[in-house]
Amino acid sequence: MSGRAVLVTGASRGIGRAIALAFAAQGDRVAVHHRNSPDLAEQLRAELPGDGHVVVRADVADPAEARRMVEEVAAALDGVDVLVNNAGIFAHHPITEVTYEEWQAVWRETLDVNLIGPANVTWNAVRHMGRGGRIVNVSSRGAFRGEPDSPAYGAGKAGMNAMGQSLAIALAPLGIAVATVAPGFVETDMVTEHLKGERGDAIRTQSPFGRVARPEEIAAAVLYLASPAAEWASGTIVDLNGASYLRS
Ligand code: NAD
């Protein structure tokens, strides 16, 4: 089989879709993971250049589903050379506006999907990786800058950063590198509402380029961090923000 075996979680749309396309374009075999979007995932698989791509389904927050999904990928692609933990959710839950019950529910779900989910998939994927294996986590600027209306999101992504740094140390003796990208706003369905109207204009002007990121720009960084050349980038968190937040 040619190319590497690449598992991209949450690949049916948005950043994950762009990442899947980028790996396939360089000749890798991609497992297009989705949770509830079989049609979109199958459509993407058919669109990917090259052969050997597969579609897999799981709720990454469910330990048994995550395990079964990784086993399926390893069987279909003959191992897992690259894991991209991209699947994630974003919830609006300002502390002064939500009930205590809502607060609890959002914290639990967000940490389950955005932190425990990647931990579930990673534990299993590592068992199918050889030397040269790569793990790339898709975190967020929210991990560093604060998310006043979405604190669980910021906390989960900060946890993901810490997990990546810890595993970079733990997995280096096995020849596996672990790195993280931390984008600000990226044009996807997740943030469509935020990018509308005056709030959208304010977000765009945070960058001197006057826009937000395109999914392909995140995919390009992921491709590098997953490359054989990127062992020395292990443990890094790449702040992908178009020179935003630098003005004094
Ligand atoms: P998106 O909503 O288009 O994609 C997220 C994907 O994750 C979806 O395909 C969804 O089905 C999947 N997913 C959600 N919960 C899941 C679960 N329990 N199990 C399996 N899959 C699940 O959003 P996106 O913008 O493409 O986000 C991709 C990643 O990038 C996320 O981790 C997000 O936090 C991160 N991110 C996004 C932005 C942005 O502005 N769009 C900025 C920084 C980081």
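Cut-offs applied
Within each chain, residue numbers correspond to sequence positions counted from 1 in written order. The predicted origin of the model limits local features to residues at a pLDDT of at least 70 and limits the giving and counting of side-chain atom pairs to 80 or more, whereas totals for whole chains, interfaces and linings rest on all residues. Each side-chain value is derived from all of the structure's non-hydrogen atoms; neither hydrogens nor water enter the calculation. By the convention used here, strands pair only if DSSP detects at least 2 bridges between them. Counting from the N terminus, the helices are DSSP H or I runs at least four residues long and the strands are E runs at least two residues long. A crossover gets the label right-handed when its path from the first strand over the helix to the second runs clockwise, viewed with the strands pointing away from the viewer. Throughout, the term near means that a residue has one or more heavy atoms lying within 4 Å of the molecule or strand in question. The definition of a polar contact used here is a pair of N or O atoms within 3.5 Å, where within protein one atom must be able to donate a hydrogen and the other to accept one, and adjacent residues in sequence count solely through side-chain atom pairs. Only the protein chains shown count as cover for residues, and all accessible areas are computed by the Shrake-Rupley method using a 1.4 Å probe. The rule is simple: put a 1 Å grid over the protein atoms alone, call a set of points where a 1.4 Å probe fits but cannot get out a cavity, call an open set with protein on both sides within 12 Å along at least five of seven lines a pocket, and count a residue as lining if it has an atom within 4 Å of a point. Whether a molecule sits in a cavity or pocket is decided by its atoms, more than half of which must lie within 2 Å of the grid points. Just to be clear on terms, a salt bridge is a Lys or Arg side-chain nitrogen sitting within 4 Å of an Asp or Glu carboxyl oxygen. Each residue gets one of three labels from its accessible area relative to the maximum for its type: buried under 20%, exposed over 50%, partly exposed in between, using a 1.4 Å probe on protein chains only. Working rule for contacts: check all heavy atoms of both residues, and any pair within 4.5 Å makes them a contact.

Per an unreviewed UniProt entry, the protein chain carries the name SDR family NAD(P)-dependent oxidoreductase and comes from Sphaerimonospora cavernae.

What follows covers the pairing of strand E3 (residues 54–57). Across 4 bridges, the pairing between strand E2 (residues 29–34) and E3 is parallel. Residue pairing in the sheet places Ala31 in a bridge with Val54 of E3. Traced from E2 through helix H2 (residues 38–47) to E3, the parallel crossover comes out right-handed.

Neighbouring the ligand are 27 residues; Arg13, Asn86, Tyr153, Val186 and Thr188 lie closest to it. Take Val60: an N or O atom from its main chain is 3.0 Å from a nitrogen atom of the ligand. At a separation of 3.3 Å, an oxygen atom of the ligand approaches a polar backbone atom of Gly88. Look at the ligand: alone it shows 820 Å² of surface, and the protein chains cover 96% of it. Judged by the proximity of its atoms to the pocket grid, the ligand belongs to the largest pocket.

A few words on the pattern of salt bridges. A complete count under the given rule lists 10 salt bridges for this structure. Its salt-bridge partner being Asp189, residue Arg13 comes within 3.6 Å of it at the nearest N-O pair. One end of the pair, Arg13, is in the loop between strand E1 (5–8) and helix H1 (14–25); the other, Asp189, is in the loop between strand E6 (177–183) and helix H7 (197–204), and 176 residues separate them in sequence. One network of salt bridges, with partners in common, ties together Arg211, Arg214 and Glu217.

Locating Arg131 in the fold gives a position in the loop between helix H4 (100–126) and strand E5 (134–138). For Arg131, a relative accessible area of 65% corresponds to the exposed category. A C-alpha to C-alpha distance of 5.8 Å links Arg131 and Ile176, two positions 45 residues apart in sequence. Those residues in contact with Arg131 that sit more than four places away from it in its chain are Ala172, Pro173, Leu174 and Gly175. Of note is the side chain of Arg131, whose polar atom sits 3.1 Å from the backbone oxygen of Pro173.

Let's shift gears to the side chain of Thr180. Here Thr180 is to be found in strand E6. Those residues in contact with Thr180 that lie beyond four places of it in its chain are Asn137, Ser139, Asn161, Gly164, Leu225, Thr236, Ile237 and Val238.

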